[in-house]
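Understanding the architecture of this molecule
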Amino acid sequence: MSQAPNVVSFGSSQAPLVGKWHPAHGPQRAAMVVHGATGVPQRFYRHFAHWAAQQGIATLTYDYRDFGESLTGATRSSPARMADWAVADQDAAQHKLAELAPTGPLWVLGHSLGGLGIAFHRYPERVSRVITMGAGMTHYRDHPWHYLPKALAFWFLIGPVATGALGYLPGRRLGFGEDLPSGVYWQWRRWCTRRDFFARDIGKSLPQPNFNATEPPLELCVARDDDMVPPAAVRRYAAHFAPDRTQLRLFDPANYGLGTLGHVGCLGAGCEAAWQDLMFPDATEARTGAA
């Protein structure tokens with residue numbers, strides 16, 4: 001029988017966050033937080049979190065401030081920036097994970113944006129593993145030709161026009177995920193349309209990163225058919241970290257009998273075969289290659 005997740009609240013009075021805690025089924029082998037992708041609400045990860053809990057991994061999902069179940073007012077009134085999500089909100093979620101699981105190893109899984117905060121966090125020794133999926137320093141010219149028109153419209157036409165007119169990104173109406181605070185969209189746009197990505201925000205909205213840390217181990221994963229954050233963007237991101245700490249893993253959907261994994265769908269229902277390889281590569285015959 002499936003076990004219903006527990007609703008948990010954390011964060012600050014200025015930035016309250018709502019999460020779901022999926023206790024492990026049976027003995028707990030680890031506890032994990034899932035930092036979500038931009039525009040992807042925590043409800044999307046419920047299948048993955050339930051699957052992980054069945055494997056003995058207690059899992060915390062949550063929504064960033066002023067988004068999803070953490071939204072407390074009008075999206076257009078939010079002052080949130082992408083840096084707030086990647087640093088302060090992720091840090092709050094990691095502290096909540098340690099509170100929910102006071103003993104045992106802690107794992108961090110960052111999906112897309114969820115993996116871009118790594119260098120800005122100071123992980124306690126209990127964090128034994130950091131995994132990212134589709135996290136990379138993406139420039140719009142990285143996209144394959146068939147995806148490029150959509151990216152150009154998002155960054156230079158429909159996205160900025162709609163956000164400027166409405167005071168928020170109407171993602172649902174535009175078919176680009178959920179609605180986003182304008183500050184999140186504009187900062188995201190700046191990062192993905194500049195070759196130096198978030199470098200100009202360091203010392204401003206972003207703290208100084210620690211790319212030279214040697215622990216915990218990093219597994220930077222990407223689907224071969226990820227058009228939004230292609231493998232080249234993940235390799236560019238990985239190059240900033242200490243090489244002895246970093247492992248690159250490329251997931252080919254054909255290896256799992258799947259037609260596609262993509263950027264978002266890789267953590268959606270139906271990709272359990274890939275999840276097994278993602279979470280337990282040492283316990284299976286890993287079917288990933290170097291990214």
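Before reading on, note that the structure itself is shown above.
A brief structural summary. From a predicted model like this one, the values you see are computed outputs, not experimental measurements. (Residues numbered from 1 in each chain as written. Predicted model: local features only at pLDDT ≥ 70, side-chain atom pairs only at ≥ 80, totals over all residues. Heavy atoms only, no water.)

Re the overall build of the chain
Applied cut-off: A run of H or I in DSSP counts as a helix once it spans at least four residues, and a run of E counts as a strand once it spans at least two, with each numbered from the N terminus. We compute the radius of gyration from the C-alpha atoms alone; for a globule the expected value is 2.2 Å times N to the 0.38, where N is the number of residues. Think of it in three bands: residues with accessible area under 20% of the maximum for their type are buried, residues over 50% are exposed, and the middle band is partly exposed, with areas taken using a 1.4 Å probe on protein chains only. In this description, contact between two residues means that some pair of their heavy atoms is separated by no more than 4.5 Å.
Across its full length, the chain holds eight helices and ten strands. Against the globule reference of 19 Å for 291 residues, the chain gives a C-alpha radius of gyration of 18 Å, in line with a compact fold. Dimensions of the chain, computed from the C-alpha atoms along their principal axes, are close to 50 × 40 × 40 Å. Put simply, the chain has 291 residues, and 56% of those count as buried. A separation threshold of at least 6 residues defines the contact pool for the chain, and within that pool the share at least 24 residues apart is 69%.

Points about the side chain of His-139
Examined against the element boundaries, His-139 turns out to sit in the loop between β6 (127-133) and α3 (148-156). Those residues in contact with His-139 that lie beyond four places of it in its chain are Cys-192, Thr-193, Arg-194, Arg-195 and Arg-236.

Observations concerning the pattern of salt bridges
Applicable threshold: Definition used for salt bridges: Asp or Glu carboxyl oxygen within 4 Å of a side-chain nitrogen of Lys or Arg.
Enumeration over the complete set of coordinates arrives at 14 salt bridges. Between Glu-219 and Arg-129 there is a salt bridge; the shortest N-O distance is 2.7 Å. One end of the pair, Glu-219, is in strand β9 (residues 218-223); the other, Arg-129, is in strand β6, and 90 residues separate them in sequence. In this pair, the class of Glu-219 matches that of Arg-129, namely buried. Across the salt bridge formed by Arg-172 and Glu-178, the nearest N and O atoms sit 3.8 Å from each other. On the basis of relative accessible area, Glu-178 is assigned to the buried category, the value being 18%. Salt bridges sharing common partners tie together Arg-43, Arg-172, Glu-178 and Asp-179.

Remarks on the packing of helix α1 (residues 46-54) against helix α8 (residues 272-279)
Applied cut-off: For helices, the fitted axis covers only the stretch in contact; all axes are lines through C-alpha atoms, and the angles between them, taken along N-to-C directions, range from 0 to 180 degrees. Any angle between 65 and 115 degrees counts as roughly perpendicular, while under 35 counts as roughly parallel, over 145 as roughly antiparallel, and the rest as oblique. The crossing is said to be left-handed when, going from far helix to near helix, the turn is anticlockwise and less than a right angle, and right-handed when the turn is clockwise. Amino acids outside the nonpolar list (Ala, Val, Leu, Ile, Met, Phe, Trp, Tyr, Cys, Pro) and the charged list (Asp, Glu, Lys, Arg) are all regarded as polar, and Gly is one of them.
Interaxial distance between α1 and α8 falls to 11 Å at its minimum, and their mutual angle equals 55°. Of the possible angle classes, the one that applies to α1 and α8 is oblique. Here the hand of the crossing between α1 and α8 comes out right-handed. From α1, His-47, Phe-48 and Trp-51 reach across to α8, where they touch Glu-272, Trp-275, Gln-276 and Met-279. Residue classes in the contact of α1 with α8 are distributed as four nonpolar, two polar and one charged.

Looking at the packing of aromatic side chains
Two measures describe an aromatic ring pair: the distance that separates the ring centres and the angle between the ring planes. The line we're drawing: Here is the rule: rings of Phe, Tyr and Trp (six-membered ring for Trp) pair when centre to centre is within 6.5 Å. Planes less than 30 degrees apart are stacked, more than 60 are edge-to-face, and the remainder are tilted.
All told, the structure shown has 25 aromatic pairs when counted by the stated rule. For the ring pair Phe-154 and Phe-176, a centre distance of 4.5 Å and an interplane angle of 40° mean the geometry is tilted. Taken together, the positions of Phe-154 in helix α3 and Phe-176 in the loop between α5 (171-174) and β8 (180-181) put the pair 22 residues apart, joining distant regions of the chain. Each member of the pair, Phe-154 together with Phe-176, is buried. For the pair Phe-211 and Phe-241, a centre-to-centre distance of 5.3 Å together with 75° between the ring planes defines the contact as edge-to-face. Here Phe-211 is found in the loop between α6 (182-192) and β9, whereas its partner Phe-241 is found in the loop between α7 (231-238) and β10 (246-251), with 30 residues between them in sequence.

Re the nonpolar core
The criterion, for reference: The criterion is simple. A nonpolar core is a set of buried Ala, Val, Leu, Ile, Met, Phe, Trp, Tyr and Cys residues joined through side-chain atoms within 4.5 Å.
Core analysis: the biggest nonpolar cluster contains 58 residues, and Trp-21, Trp-85, Phe-198 and Tyr-237 have the highest contact counts within it. Element by element, the count of residues in this core is highest for helix α2 (residues 82-100), at seven residues. Discounting chain neighbours no more than four positions away, the residues touching Trp-21 are Pro-5, Asn-6, Val-8, Ala-31, Ala-58, Thr-59, Leu-60, Leu-97, Leu-100 and Ala-101.

Structural notes on the sheet that holds β6
Definition in use: A pair of strands is considered paired only if DSSP assigns at least 2 bridges between the two.
Reading across from one edge, β1-β2-β4-β3-β5-β6-β9-β10 is the order of the eight strands in this open sheet, with mixed pairing throughout. Looking along the sheet, the strands with just one partner apiece sit at the ends: β1 (6-11) and β10. Recorded for the sheet is a direction-independent mean angle of 25° between the axes of neighbouring strands. Of the pairings in the sheet, the one linking strand β5 (residues 106-111) to β6 comprises six bridges and is parallel in character. Residue pairing across strands places Leu-106 opposite Val-127, the latter belonging to β6.

Describing the packing of α3 against helix α4 (residues 158-166)
Relative to each other, α3 and α4 sit at 30°, their axes nearing to 3 Å. What the angle tells us is that α3 and α4 run roughly parallel. Listed contacts from α4 to Ala-153, Phe-154, Trp-155 and Phe-156 of α3 are Ile-158, Gly-159 and Pro-160. Broken down by class, the residue content of the contact of α3 with α4 amounts to six nonpolar, one polar and no charged.

Section: α2
Rules: Working rule for helices: expected span equals 1.5 Å times residues minus one. Working definition for bend: take the seven residues up to and ending at a residue and the seven starting at it, fit an axis to each, and measure the angle between the axes.
With 19 residues, α2 should reach 27 Å at 1.5 Å per residue; the first-to-last C-alpha distance of 26 Å fits that figure. Largest kink in α2: about 30°, centred on Asp-89. Along α2, the residues classified as buried are Met-82, Ala-83, Asp-84, Trp-85, Ala-86, Val-87, Asp-89, Gln-90, Ala-93, Gln-94, Lys-96 and Leu-97.

With respect to the environment of Val-40
On the secondary structure map, Val-40 appears in the loop between β3 (30-35) and α1. For Val-40, a relative accessible area of 12% translates into the label buried. For the pair formed by Val-40 and Gly-115, sequence separation is 75 residues and the distance between their alpha carbons is 14 Å.

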